[in-house]
Amino acid sequence: MTMPRRRPGRPRRDDQRPTRDLVLAAATALFAERGFDAVSLRDVASAAGVDVATVAHHTGTKAQLYDACFARVFAAEQQVLEAAGERARAALAAGPGAALRALHDLVDVFVDFLEDRPETTALWLRRWLEPHRHGELDRRYAAPLYGMVEQLLAAAAHSGALVEPTPHVTVRSLVWAVHGHVVALAAQGGAGARERREFRAFLHRFLDGLYPPAGS
């Protein structure tokens with residue numbers, strides 16, 4: 001008996017998410033695992049359970065699909081970090097102690113996000129293996145978040161809550177540390193409860209050492 005062919009754009013019966021979301025989730029996982037060159041639209045179609053025409057219809061060329069994957073993870077990260085950043089900025093008026101606690105919370109939010117979505121780290125690491133290609137992705141989907149936190153640290157320094165002469169160095173150092181932590185968790189199979197606790201404790205000690213209370 002011949003099964004009727006599923007029409008383009010129609011999701012699998014066991015997953016009724018919008019087709020574009022299925023395609024982007026599948027593409028993100030594949031690009032994170034293999035990198036840009038090793039993934040075809042046919043690979044994405046197969047993983048998403050649709051045909052190639054559907055992938056092209058929803059996302060365009062492979063380069064446009066790649067961009068859309070970064071836009072997708074950026075939107076999710078931006079949402080959680082902007083909320084935490086607003087709380088941290090509001091805490092500046094309450095003094096150095098409150099400002100530092102808010103920075104701890106901001107770092108915890110970032111760690112939570114990447115621990116829960118390790119494909120974000122893998123996607124960026126694949127992109128950074130080829131630093132001279134797709135540089136526009138960094139400008140669109142990394143620089144705005146870096147800039148947001150750098151501005152927060154600069155505002156905290158201006159208010160006297162802390163001393164921070166090079167916020168751009170601090171932010172990039174912390175980002176790379178967290179990405180490295182996510183890679184270490186992946187090497188352990190994603191469990192690593194002890195690794196998670198120890199890494200958070202390290203980041204809190206790092207912040208406390210970097211921004212000691214005035215007069216200490």
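Residues numbered from 1 in each chain as written. Predicted model: local features only at pLDDT ≥ 70, side-chain atom pairs only at ≥ 80, totals over all residues. Heavy atoms only, no water.

Enquirer: Give me empty space enclosed by the protein: which residues, what numbers.
Expert: Per the stated rule, a full pass over the model turns up one cavity of 30 Å³ or more. In this structure, the largest cavity spans a volume of roughly 330 Å³. Lining the largest cavity are 22 residues, and of these Leu-81, Phe-110, Val-149, Val-171 and Val-175 sit closest to its centre. At the level of secondary structure, the elements contributing two or more residues to the lining of the largest cavity comprise helix H4 (62-91), helix H5 (96-116), helix H6 (118-128), helix H8 (143-159) and helix H9 (167-187). It is H9 that contributes the most residues to the lining of the largest cavity, six residues altogether. In terms of residue class, the lining of the largest cavity is built from 19 nonpolar, two polar and one charged. (1 Å grid on protein atoms, 1.4 Å probe; cavity = no way out; pocket = protein on both sides within 12 Å on 5 of 7 lines; lining within 4 Å. Points joined across faces, edges and corners; volume = space filled by probe spheres on them. Helix = DSSP H or I, 4+ residues; strand = E, 2+ residues; numbered from the N terminus. Nonpolar A, V, L, I, M, F, W, Y, C, P; charged D, E, K, R; others polar.)

Enquirer: Outline the packing of H9 against helix H10 (residues 193-210), supporting the account with residue identities and numerical values.
Expert: Taken N-terminus to C-terminus, the directions of H9 and H10 make an angle of 170°; their axes are 11 Å apart at the nearest point. Taken together, the axes of H9 and H10 lie roughly antiparallel to each other. In contact with Thr-170, Leu-174, Ala-177, Val-178, His-181, Ala-184 and Leu-185 of H9, H10 contributes Glu-195, Arg-196, Phe-199, Leu-203, Phe-206, Leu-207 and Leu-210. The residue makeup of the contact of H9 with H10, split by class, is ten nonpolar, two polar and two charged. (Axes fitted to C-alpha atoms, helices over the stretch in contact; angles between N-to-C directions. Parallel < 35°, antiparallel > 145°, perpendicular 65-115°, else oblique. Contact = heavy atoms within 4.5 Å.)

Enquirer: Please give an account of the side chain of His-179 that cites residues and values.
Expert: Among the secondary structure elements, His-179 is positioned in helix H9. Among all residues touching His-179, those that are not within four sequence positions of it are Leu-114, Thr-121 and Trp-128.

Enquirer: Let's hear about a nonpolar patch on the surface: which residues, and what values?
Expert: Together, Phe-202, Phe-206 and Leu-210 make up a nonpolar patch on the protein surface, roughly 230 Å² of accessible area in all. Looking at where Phe-202 falls in the secondary structure, it is placed in helix H10. (Patch = residues over 30% accessible without salt bridge, like charges linked within 9 Å, V, L, I, M, F, W, Y side chains within 5 Å. Areas by Shrake-Rupley, 256 points an atom, 1.4 Å probe, with all protein chains shown as cover. Salt bridge = Lys/Arg side-chain N within 4 Å of Asp/Glu carboxyl O.)

Enquirer: Which residues make up the packing of aromatic side chains, and what values do they have?
Expert: Using the criterion set out here, one finds ten aromatic pairs in the structure. Their ring planes at 70° and their centres at 4.7 Å tell us that Phe-70 and Trp-124 sit as a pair that is edge-to-face. Residue Phe-70 is located in helix H4, and its partner Trp-124 is located in helix H6; the two are separated by 54 residues in the primary sequence. The class of Trp-124 is buried, set by a relative accessible area of 4%. Ring pairs connect the aromatic residues Phe-31, Phe-36, Tyr-66, Phe-70, Trp-124, Trp-128 and Trp-176, which therefore count as one cluster. The residue whose ring lies beneath Lys-62 is Phe-36, and the NZ or CZ to ring-centre distance is 4.3 Å. (Phe/Tyr/Trp six-rings, centres within 6.5 Å; stacked < 30°, edge-to-face > 60°. Buried < 20%, exposed > 50% of the residue type's maximum accessible area, 1.4 Å probe, protein only. Lys NZ or Arg CZ within 6 Å of the ring centre and 35° of its normal.)

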